[in-house]
Every structure is written in C-alpha cells, then in structure tokens.
Amino acid sequence: MPYTIKCNDNACGKETLAINIVELVNNHISNTGKLKCISCKKDNAYIYQKSTLQEEGEVWERYIKGVITIKTDYDTYTPYIFLTSNAKDGEINGIHFNYFKDTRNEPKGRLKHGHGPGGAPVLSKNEFFQLIDKLIDFGIMNKSDIQDFLNKK
C-alpha cells in the first residue's frame, strides 16, 4: 500500500510517496519518530487516511504523524504503531496498532501488512515496555502520567 506524505510546512508543502510500509519506516521517519519531509527535512509531515467503518455512514479520518516500530525476536515480523491526530495541525492523540511481515528475501516471500488474519499484533511484556519507553521519548506521555495512573490502582 503506498503512502502519500505531505509536508505541513507552508514554505515547503511538498508531497512524497512511500511505496510500502518498509520504505515509509526506513526513509520517512525522523529520529523523533515523526514523519519527515524528504525535501525540507523537517519532522512535521503527515499522511491523511480516511476509512469507511462498518457502521453505516461512519468514517474514520486521521492524520498519521509518526511511526513507532517494536523490535522482536523475529527478523521478518515487525509490530508498529501509527501515531495519529484528529487534525492536520493537531497534537498526536492516538495510537493505531499494526504489523508487517517481510519475507521478500525468502523464496516465494512477500510483504504482508496490516492487522492480519490472526488479529492485531501481539506484544510480549518486554515489547510492551519498549512501546511505553518510546511513547515517553516521543513526548506522547510522560513518567508522571504513568505514576498518576498507577496511583489510582
């Protein structure tokens, strides 16, 4: 599935294309985990997606602003999280779980992408902690958010 990445900088405003999720992750993500513009190198780009929901007449519109990948014990399997916003200029306020499995280096291999026939990605305890660590690094949550949550338990 190709992704159209749009720069949110008024001075640049360029669009680029990632032909699949692997190219998106490898070439269009900044060190902060946010989408970057290939032209101006700023990490303020986004991907607009709109999906029709099962509920009649309902749609889900979101702006993907970043990607977090989770390292696993398997070379071909990569869970990832899209960092989403409800608005082009809005703050990241959502996480959308997916995975890809890249077996293109094997005979008859292919790139499989999505939530899969087996359901959503599964994270081990350590992989879940990786996600929390990256959410903190990217400023989506902080340690006091986690402590406040734990104090409610």
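Here the structure is shown first, and the text comes after it.
Residues numbered from 1 in each chain as written. Predicted model: local features only at pLDDT ≥ 70, side-chain atom pairs only at ≥ 80, totals over all residues. Heavy atoms only, no water.

Participant: Give me the lowdown on the nonpolar core, citing residues and values where you can.
Facilitator: Ranked by size, the top nonpolar core spans 16 residues in total, and within it Tyr-3, Ile-21, Leu-24 and Phe-82 carry the most contacts. Elements represented by at least two residues in this core include exactly strand E1 (3–7), helix H1 (21–27), strand E3 (45–52), strand E4 (59–69) and strand E5 (77–85). For this core, the element with the highest residue contribution is H1, accounting for four residues. Ignoring sequence-local partners within four residues, the contact set of Phe-82 consists of Tyr-3, Ile-21, Leu-24, Ile-64, Gly-66, Val-67, Gly-94, Ile-95, His-96 and Asn-98. One finds Ile-68, Ile-81, Ile-92 and Leu-135 within the second-largest nonpolar core, a separate group that totals seven residues. (Core = buried A, V, L, I, M, F, W, Y, C linked by side-chain atoms within 4.5 Å. Buried < 20%, exposed > 50% of the residue type's maximum accessible area, 1.4 Å probe, protein only. Helix = DSSP H or I, 4+ residues; strand = E, 2+ residues; numbered from the N terminus. Contact = heavy atoms within 4.5 Å.)

Participant: Explain helix H2 (residues 125–137) to me, using residue names and the numbers behind them.
Facilitator: In this model, H2 (13 residues) spans 18 Å end to end at C-alpha, consistent with the 18 Å of a helix rising 1.5 Å per residue. For H2, the set of buried residues is Glu-127, Leu-131 and Leu-135. Buried residues along H2 cover an arc of 85° about the axis, so they all sit on one side. In H2, the exposed positions that point more than 90 degrees away from the buried face belong to Lys-125, Asn-126 and Asp-137. Check the buried side of H2 and you find it contacts E4, E5 and strand E6 (94–102). (Expected span 1.5 Å × (residues − 1). Arc of directions from axis to C-beta.)

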